[in-house]
Amino acid sequence: MITASFHLEGSRIVSFQVEGHSGLATEGEDILCAAVTSAVRLTECAVNDVLGLEASVKVKPEKALISLRLPGGLSQQNESTCQTLLTGLMLYLTQLTEEYPDHIIVMEV
């Protein structure tokens, strides 16, 4: 099961963590894992490489885990853009739970 946790401070998403394998298919052939990985990597690239921010990213391949924490002190424009990106990721993953309810869960913490 893939577990995606979005950490909020008030209504602001400050970080997320995605962990696990869906178990939908064998590793390397799992379309759900590929979809989730692609969306997470796109979000991370947009935050760090496109916006030029220094969000903390941790990857633990042995646990199939990736996490991202936004830096503090963002400009209003960067904050707005990051919230749009993270909200979009959360919405996308939530929509995947409708198709694959036994393989992915999304939580707000």
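Above this text you will find the structure in question.
Model, not experiment: these values are computed from the prediction. (Residues numbered from 1 in each chain as written. Predicted model: local features only at pLDDT ≥ 70, side-chain atom pairs only at ≥ 80, totals over all residues. Heavy atoms only, no water.)

Notes on helix α1 (residues 31–50)
Okay, step 1: The end-to-end C-alpha distance of α1, which contains 20 residues, comes to 26 Å, matching closely the 28 Å that a straight helix rising 1.5 Å per residue would cover.
Okay, step 2: The inward-facing, buried residues of α1 contact β1 (2–9), β2 (12–19), β3 (56–60), β4 (65–69), α2 (76–99) and β5 (104–108).
Okay, step 3: The residue sitting at the N-terminus of α1 and contributing the capping side-chain oxygen is Asp30; that oxygen lies 3.0 Å from the backbone nitrogen of Leu32.
Okay, step 4: Phi turns positive one or two residues past the end of α1, at Gly52, with a value near 75°. (Helix = DSSP H or I, 4+ residues; strand = E, 2+ residues; numbered from the N terminus. Expected span 1.5 Å × (residues − 1). Contact = heavy atoms within 4.5 Å. Polar contact = N/O pair within 3.5 Å; in protein donor to acceptor, adjacent residues only side chain to side chain.)

Description of the pattern of salt bridges
Side-chain pairing between opposite charges can occur once the charged atoms of the two side chains come close.
Okay, step 1: Throughout the structure, instances matching the rule amount to two salt bridges.
Okay, step 2: For Arg12, the salt bridge identified is with Glu79, shortest N-O distance 2.7 Å. Residue Arg12 is found in strand β2, and its partner Glu79 is found in helix α2; the two are separated by 67 residues along the sequence.
Okay, step 3: On the basis of relative accessible area, Arg12 is assigned to the partly exposed category, the value being 24%.
Okay, step 4: The class for Glu79 is buried, based on a relative accessible area of 19%. (Salt bridge = Lys/Arg side-chain N within 4 Å of Asp/Glu carboxyl O. Buried < 20%, exposed > 50% of the residue type's maximum accessible area, 1.4 Å probe, protein only.)

Brief notes about the packing of α1 against α2
Geometrically, a packed helix pair is captured by the angle between its two axes and the distance between the axes.
Okay, step 1: Between α1 and α2, the shortest axis-to-axis distance is 10 Å and the interhelical angle comes to 175°. It follows from the interaxial angle that α1 and α2 lie roughly antiparallel. Between α1 and α2, the residues in contact are Leu32, Ala35, Val36, Ala39, Val40, Thr43, Ala46 and Val47 and Cys82, Leu85, Leu86, Leu89, Tyr92, Leu93 and Leu96, respectively.
Okay, step 2: When its residues are assigned to classes, the contact of α1 with α2 shows 14 nonpolar, one polar and no charged. (Axes fitted to C-alpha atoms, helices over the stretch in contact; angles between N-to-C directions. Parallel < 35°, antiparallel > 145°, perpendicular 65-115°, else oblique. Nonpolar A, V, L, I, M, F, W, Y, C, P; charged D, E, K, R; others polar.)

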